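So the chains spell out like this:
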Amino acid sequence: MRLLVITPPEPLITWDEADAQLNLSGDTSEQGLVELYIKAVSAHLDGPEGWLGRAVGVQTLEARGRYFSESEFDLPRPPVISVTSVKYLDTEGVEQLLDSEIYEPRGDTIVRAHGKSWPAVRSDAESVRVRYQAGYAEVPWPIKAAAMLMIGDLFANRETVTDLQSSRIVMSATVESLLSPYRIWA
């Protein structure tokens, strides 16, 4: 399954929040650098490739798969807010919009409605396309706090540190503790 970001989320924290965290007192001389750190931390944590393995900020995603499974179609990167559309390529290769009476959104999946059946689809890698909104209406405070601590670390330590034992971004124990309850470990 492939996952596309149709509408990306806003950064996890604002310039004003970072300004307060870094005690810059409104000094905008380093705003460009701080905003770069905000974007980097947001990208590291959020979205399809993010460390948390979930959608944090509200975003529109599209899951593309080969076929409908027996009874359900999983939607990666929860939490799912709503399903916008379900499209598929019919056996002739023509894109069709699936009638919403055929499926029911249930948490992080869509399931076949009782008494209904999935349509026949073309056997291509991305024949089924489910577009949906995912993320939190309000970013949970532990995630915001962790993001602000990470931005503070980047701001205070502007030079690269090479850790030959690891290819991941090193996060403090506090940051990992704040984020771990939200991480999908799969």
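A. Looking closely at the packing of aromatic side chains. Per the stated rule, a full pass over the model turns up four aromatic pairs. Taking 6.3 Å as the distance between ring centres and 65° as the angle between the ring planes, the aromatic pair formed by F68 and F73 counts as edge-to-face. F73 carries the same exposure label as F68, and that label is buried. Between F68 and W118, the ring centres sit 4.2 Å apart and the planes meet at 5°, which makes this aromatic pair stacked. Taken together, the residues span a long stretch of sequence, with F68 in the loop between strand 2 (59–65) and strand 3 (72–74) and W118 in the loop between strand 7 (109–112) and strand 8 (128–134) at a distance of 50 residues. Take F68 and W118: they sit in the same class, and that class is buried. Among the aromatic residues, ring-to-ring pairing joins F68, F73, Y88 and W118 into one connected group. Geometry around F155 places R158 over its ring, the cationic atom sitting 4.4 Å from the centre. In this structure, R183 is placed above the aromatic ring of W51, and the distance from its NZ or CZ to the ring centre is 4.0 Å.

B. Here's a closer look at the nonpolar core. Ranked by size, the top nonpolar core spans 27 residues in total, and within it V34, L45, L52, I143 and L179 carry the most contacts. Elements with a minimum of two residues in this core: helix 1 (15–21), helix 2 (31–45), helix 3 (141–156) and helix 4 (173–179). If one sorts the elements of this core by residue count, helix 3 sits on top with seven residues. Leave out the neighbours within four places in its chain, and L179 touches L45, W51, L52, I143, A146 and M171.

C. Structural context of the sheet that holds strand 4 (residues 80–89). Taken in spatial order, the five strands of this open sheet run 1-2-8-4-5, and their pairing is antiparallel. Each having just a single partner strand, strand 1 (2–7) and strand 5 (95–97) make up the two edges of the open sheet. When the angles between neighbouring strand axes are averaged without regard to direction, this sheet yields 25°. Looking at chain direction, strand 4 and strand 5 are connected through three bridges and run antiparallel. What sits directly across from Y88, in strand 5, is Q96.

Rules used throughout
Residues numbered from 1 in each chain as written. Predicted model: local features only at pLDDT ≥ 70, side-chain atom pairs only at ≥ 80, totals over all residues. Heavy atoms only, no water. Phe/Tyr/Trp six-rings, centres within 6.5 Å; stacked < 30°, edge-to-face > 60°. Buried < 20%, exposed > 50% of the residue type's maximum accessible area, 1.4 Å probe, protein only. Helix = DSSP H or I, 4+ residues; strand = E, 2+ residues; numbered from the N terminus. Lys NZ or Arg CZ within 6 Å of the ring centre and 35° of its normal. Core = buried A, V, L, I, M, F, W, Y, C linked by side-chain atoms within 4.5 Å. Contact = heavy atoms within 4.5 Å. Pairing = 2+ DSSP bridges. Axes fitted to C-alpha atoms, helices over the stretch in contact; angles between N-to-C directions.

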